[in-house]
Amino acid sequence: MTEFILALLKLIFIALLFLFVWQIARAIGSHLGGFERRTKSKPGSEIVFVRSDNQSGLDFTVDDVVVVGRSDQADIYLDDSYASEFHLRFSSIDGGLVLQDLGSTNGTYVNGRRIGSPVGLSKGDAVQVGKTVMEVR
Amino acid sequence: MTRNAEGALIVAAALMAAFGVALVNIAGQESIGDDVALTFFVMITAFGALHAAVRRWAPRGTPYLIPLAALLASVGLSEIYRLNREMASLQKWWILIGAGLGILTLWGLSSVGTQILRRYRYIMLLLAMVLLLLPLLPQQWPLPIRGLAVNGSRLWVSLNLGFIEMRFQPGEIVKLLIVAFLASFLAERQAALTMRTRKVGPFEFPEPRQMIPILVAWFASFGVMVYQRDLGASLLLFSAFIAMMYAATGRNTYLVVGGGLFTVGAVAAWSAFSHVQTRLEAWLAPFDNYETTGYQISNGIFAMASGSLSGTGLGLGRPSLIAFAPTDFIFAAVGEELGLVGSVLILAMYALIISVGMGIALRSRDLFRKLLAAGLTFTFGLQSLLIIGGIVRLFPLTGITLPFMSYGGSSLVANFVLIAMLIRISHEERV
């Protein structure tokens, strides 16, 4: 009788372990699935840091909205003392890439010209913030 | 998964720990009492506090890692309790301390973010070097901090403060510092390392001077093996380096060069060191050397074999026959008492942690965070693979700990910090 109870308890323990792992695996699975769908529907533009003190070569893709700035709350951290906390925003709108300055202190330059209102970007455009230059690829 | 679901799973993991300890008590025909309540209390305090810290300082962080770590710690703690009561009560303290340091990590990174690690990379490298050399301090000298030789390896440092003596393995923390340094270093050098200028057959090589860091890493990890006689740590350091070079550049060349250097190093180590030959002998023919070098591995295999499909049940096997079961061979002990099903579930938990970590790395947009997440996850995964592979005789045994399950303070603390860093990265990247 005791043996039966012990075997039962053992199986209950293993079953509970399984339930736990299964719950988490399922949650992770649905999380990853959502991610795949998002990237497939919107092929984003790639931005590369071509000139920077510490971040040359860093690249990221814009598939939705990306805020760049000196704050750790920004999506992309910008290691440049001339940058503002939340300096600029790249948005992907109907397949096109739009750049907006978020009221930064030192401004944002596209191909050498300071921007006031949001502008559309195309491949090869150079975006400059302080000493940092990013290029659209 | 929401934060509340994460909290519920943490409570479930703490209940599992209590259930495990209760099963050990039932099997030993003892009364169920204080230990069950204490185990539940410790688990819920440690992981609950970590959960609260994530809510406070990294609210967008991934919710999957803490419950998985908690469940691994629960199973590990139940098995350690079954093997050695004294170690189990120490392990409870280490879980509390580890969670505390994890919380401290989250708090420390809350104001500046992981970018602070990027800025102070050379300080981290220096700190890593100092920590790595600490175990080589003399064993007898006037200062209260001394090196310590345990089982022929110089891995331990003893800090004697007069009223208390603390022992720790700085190697575990060094691993994290080196990964953070490499992420920062490679994030900056990526462009130069990716550029290819020379072509030899199917392989394209960057400028030869870009290979210098690889050689430095190779010599450093070889040094660790020669002076500290630590196979596991040196393999882990070198592999982490190669993996991160590959992650940063996507160039196969680094894998080929790294693999070649590894082979040269392995053959050299095998021909020069008796302890490497011993390990290899025990791996290839454990039963022929049963009385000597193969004893531990053979008993690990007997244990897992007697566990069969669903195990003997917690507290009903004889895992204490394995040498160093709570530290090196915890996986074999679990294999005996929870069987193949339990072992596969444990493997699944590690696989899930690794997939979550790599998912964070893949979806990170900032190169530094991407490399940091990839490097941390890689070392965690490789460490689990090497020790489990060593126990089931897939590889020669390297004396490293199984993250979150093995008894051992330094390892637990380092892995809590590692998980906290991954959560922080996923918070910053909103993935």
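Residues numbered from 1 in each chain as written. Chains lettered and ligands numbered in written order. Predicted model: local features only at pLDDT ≥ 70, side-chain atom pairs only at ≥ 80, totals over all residues. Heavy atoms only, no water.

Each helix and strand in chain A was counted, giving one helix and eleven strands. If you list the helices and strands of chain A from N to C, you get α-β-β-β-β-β-β-β-β-β-β-β. Counting the 137 residues in chain A, one finds 42% classified as buried. Long-range contacts, defined here as pairs at least 24 residues apart, represent 33% of the contacts in chain A between residues at least 6 apart. When the accessible area of chain A is evaluated, it comes to approximately 7,200 Å², of which 54% is carbon and sulfur surface. (Helix = DSSP H or I, 4+ residues; strand = E, 2+ residues; numbered from the N terminus. Buried < 20%, exposed > 50% of the residue type's maximum accessible area, 1.4 Å probe, protein only. Contact = heavy atoms within 4.5 Å. Areas by Shrake-Rupley, 256 points an atom, 1.4 Å probe, with all protein chains shown as cover.)

Let us look at unusual backbone geometry. Positive phi is not limited to glycine here, since B:Gln29 has a value of about 50 degrees. Take B:Gln29: its relative accessible area is 74%, and that puts it in the exposed class.

So, about the interface of chain B and chain A. Across the boundary between the two partners, chain B contributes 48 residues, which contact 37 residues of chain A. Approximately 3,800 Å² of surface area, both sides summed, lies buried where chain B meets chain A, with 68% of it carried by carbon and sulfur atoms. Of all residues in chain B, the largest losses of buried area upon contact with chain A belong to B:Tyr64, B:Arg363 and B:Arg365, amounting jointly to 19% of the total for that side. Counting across the interface, chain B meets chain A through one salt bridge. Across the pair B:Arg365 and A:Asp75 runs a salt bridge whose closest N-O atoms are separated by 3.9 Å. If you look at where chain B meets chain A, you find five residue pairs in polar contact (both at pLDDT 80 or more). Taken together, the elements giving at least two residues each to the side of chain B that touches chain A come down to helix 1 (3-27), helix 3 (65-83), helix 5 (115-119), helix 7 (170-194), helix 13 (330-363), helix 14 (367-391) and helix 15 (409-429) of chain B. The element contributing the most residues to the side of chain B that touches chain A is helix 1 of chain B, with nine residues. (Buried area = accessible area lost by both parts, 1.4 Å probe. Salt bridge = Lys/Arg side-chain N within 4 Å of Asp/Glu carboxyl O. Polar contact = N/O pair within 3.5 Å; in protein donor to acceptor, adjacent residues only side chain to side chain.)

Another point: the sheet that holds strand 4 (residues 76-77) of chain A. All names here are of chain A. Here we have five strands laid out as an open sheet, ordered 4-3-5-6-9, and mixed in their pairing. Strands at the two margins of the open sheet, each flanked by one partner only, are strand 4 and strand 9 (119-121). Two elements, strand 5 (residues 88-93) and strand 6 (residues 96-101), share six bridges in a ladder whose sense is antiparallel. Of the residues in strand 6, the one forming a bridge with Leu88 is Asp101. (Pairing = 2+ DSSP bridges.)

Before going further, it helps to spend a moment on the confidence of the model for chain B. Here chain B shows a mean pLDDT of 88. Residues at 70 or above account for 94%. For this predicted complex, the interface score ipTM comes out at 0.86, alongside a pTM of 0.81. (pLDDT = per-residue confidence, 0-100.)

All right, on to the environment of B:Ala361 then. Residues and elements named next belong to chain B. Examined against the element boundaries, Ala361 turns out to sit in helix 13. Classification of Ala361 by relative accessible area gives buried; the value is 5%. Each C-alpha atom of the pair Ala361 and Leu422 lies 9.1 Å from the other, and the pair is 61 residues apart in sequence. Ala361 has contacts with Lys370, Ala373 and Ala374, leaving out every residue within four places of it along the chain.

With that settled, the discussion passes to the packing of aromatic side chains. Residue and element names in this part refer to chain B. Following the criterion strictly, the structure yields twelve aromatic pairs over all chains and no others. For the ring pair Tyr290 and Phe302, a centre distance of 6.1 Å and an interplane angle of 45 degrees mean the geometry is tilted. Taken together, the positions of Tyr290 in the loop between helix 11 (274-284) and helix 12 (295-307) and Phe302 in helix 12 put the pair twelve residues apart, joining distant regions of the chain. Accessibility expressed as a relative area gives 28% for Tyr290, which makes it partly exposed. Summarising the aromatic geometry, the rings of Tyr350 and Phe380 are spaced 6.0 Å apart at their centres and angled 45 degrees between planes, so their arrangement reads as tilted. Pair noted here: Tyr350 is in helix 13 and Phe380 is in helix 14, with a separation of 30 residues, a long-range link. The pair Tyr350 / Phe380 is uniform in exposure class, with both members buried. Aromatic ring contacts, followed pair by pair, group Phe47, Tyr350, Phe380, Phe404 and Phe416 into a single cluster. (Phe/Tyr/Trp six-rings, centres within 6.5 Å; stacked < 30°, edge-to-face > 60°.)

Turning to helix 9 (residues 231-249) of chain B, a few remarks are in order. Counted at 1.5 Å a residue, the expected span for helix 9 of chain B with its 19 residues is 27 Å, and the 27 Å between its end C-alpha atoms agrees. Counting buried positions along helix 9 of chain B gives 16 out of 19 residues, so the element sits mostly inside the fold. (Expected span 1.5 Å × (residues − 1).)

With that settled, the discussion passes to helix 2 (residues 34-57) of chain B. Residues three or four positions apart in an α-helix share a direction because the helix packs 3.6 residues into each turn. Residue and element names in this part refer to chain B. Taking 1.5 Å of rise per residue, 24 residues should cover 34 Å, and helix 2 covers 34 Å from first to last C-alpha, within 8% of that figure. What helix 2 keeps buried is the set Val36, Thr39, Val42, Met43, Ala46, Phe47, Leu50, His51, Ala53 and Val54. Buried residues along helix 2 sit against helix 1, helix 3, helix 4 (85-108) and helix 15.

All names here are of chain B. Running from amino to carboxyl end, helix 2 crosses helix 4 at an angle of 5 degrees, the nearest separation of the two axes being 9 Å. Taken together, helix 2 and helix 4 sit at an angle that is classed as roughly parallel. Every residue of helix 4 that contacts helix 2 at Leu38, Thr39, Val42, Met43, Thr45, Ala46, Phe47, Ala49, Leu50, Ala53, Val54 and Trp57 is listed here: Lys92, Ile95, Leu96, Ala99, Gly102, Ile103, Leu106 and Trp107. A breakdown of the residues in the contact of helix 2 with helix 4 according to their chemical character gives 16 nonpolar, three polar and one charged. (Axes fitted to C-alpha atoms, helices over the stretch in contact; angles between N-to-C directions. Parallel < 35°, antiparallel > 145°, perpendicular 65-115°, else oblique. Nonpolar A, V, L, I, M, F, W, Y, C, P; charged D, E, K, R; others polar.)

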